[in-house]
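Summary of the model geometry
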Amino acid sequence: MLPSSTVENYLKAIYLGQSALTGDERLVSMGHVAAALRVTPGTATTMVKALSESGLVEYEPYSGVRLTPAGERLAGLVIRRHRLVESFLVEVMGMSWAEVHEEAEQLEHVVSERLIDRIDSMLGRPTHDPHGDPIPDAEGAITPRHLENLLTCPIGTPLKVTRIADQDPSFLRFIEDNELKPGQPVQVDARDPAADAVHLRSRDRELTIGARAASKLLVEVDAQ
Ligand SMILES: [Zn+2]
């Protein structure tokens, strides 16, 4: 079976599903895979069985699926192409970071290894894309790194936005309008669980956001 764009999209969805597993969860549920690919559970199961026969995933009926090392490498390379294309579109083409995801969804399947290597070196071999997502290396590997979000981070401590865990254009524009892009300073002043709200400041502006938005802003303690 050739790594068609459908295969690549399944591998990518399972990869991203795996990185969102918590605690002792080991498998990505078929419901998650079907929802991510916007297909019926039956379609997802048929495809995952085919991937299993190709040695790219381990499928456990009624439990879920996870990537084999071969599947993980292929998925990592698709994500590498995606994130390098996004970086290129923002840095070189001057496109908005809010609009490049959809373009990259298409281009990630068609850019050649030669072109992607050229883009990589032209951009100075970046480690993160404009959303702060890590770019896998040429072997498809990512060094895992634990980040807090605005719901879990310490209160009253200077932080730096590191990554935005959502690609929705309207959310990204909201982030940009409020100067909360990766690299920008932020600090949580208080959390209000009753109102599901997080009060924060970025530079000299104060802002209150909902818990769901706060969970998508990944941060690290600002070393400076
Ligand atoms: Zn993207």
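It should be noted that the structure appears before, not after, this text.
Conventions and cut-offs
Residues numbered from 1 in each chain as written. Predicted model: local features only at pLDDT ≥ 70, side-chain atom pairs only at ≥ 80, totals over all residues. Heavy atoms only, no water. Pairing = 2+ DSSP bridges. Helix = DSSP H or I, 4+ residues; strand = E, 2+ residues; numbered from the N terminus. Buried < 20%, exposed > 50% of the residue type's maximum accessible area, 1.4 Å probe, protein only. Contact = heavy atoms within 4.5 Å. Donors = N, O, S within 2.8 Å, 3.2 Å for Na, K, Ca; no water. 1 Å grid on protein atoms, 1.4 Å probe; cavity = no way out; pocket = protein on both sides within 12 Å on 5 of 7 lines; lining within 4 Å. Points joined across faces, edges and corners; volume = space filled by probe spheres on them. Nonpolar A, V, L, I, M, F, W, Y, C, P; charged D, E, K, R; others polar.

Moving on: the pairing of strand β6 (residues 197–202). As judged from the five bridges shared by strand β5 (residues 185–192) and β6, these two strands associate in the antiparallel manner. Looking at the pairing, arginine 191 lines up with valine 198 of β6. Linking β5 back to β6 in an antiparallel pair, the connection comprises four residues, with aspartate 196 at a positive phi of about 60 degrees. Two strands pair when backbone bridges link them, and β6 and strand β7 (residues 205–210) are joined in this way by six bridges, in the antiparallel orientation.

This brings us to the environment of proline 134. Position of proline 134 among the secondary structure elements: in the loop between α6 (113–122) and β3 (148–149). Classification of proline 134 by relative accessible area gives buried; the value is 16%. Ignoring sequence-local partners within four residues, the contact set of proline 134 consists of Arg83, Thr127, His128, Ile142 and Arg163.

Our next topic: the coordination of the zinc ion. The coordination sphere of the zinc ion, as far as protein atoms go, consists of His82 (NE2), Glu86 (OE) and His101 (ND1), spread over 1.8 to 2.0 Å. Counting residues between consecutive donors of the zinc ion along the chain gives the motif H-x3-E-x14-H. One end of the pair, glutamate 86, is in helix α4 (residues 69–91); the other, histidine 101, is in helix α5 (residues 100–107), and 15 residues separate them in sequence. Take glutamate 86 and histidine 101: they sit in the same class, and that class is buried.

This brings us to the environment of leucine 151. Inspection of the secondary structure assignment puts leucine 151 in the loop between β3 and β4 (159–164). Not counting chain neighbours up to four residues away, the residues in contact with leucine 151 comprise Arg191, Val198, Ala211, Ala214 and Ser215.

To continue, consider the layout of surface pockets. If you add up the space inside the second largest pocket, you get close to 190 Å³. Lining the second largest pocket, in full, are Arg73, Leu77, Arg80, Arg81, Val111, Ser112, Glu113, Ile116, Asp117 and Ala138. Breaking the lining of the second largest pocket down by element, the ones donating at least two residues are α4 and α6. No other element matches the four residues that α4 contributes to the lining of the second largest pocket. Counted by class, the lining of the second largest pocket contains four nonpolar, one polar and five charged residues.

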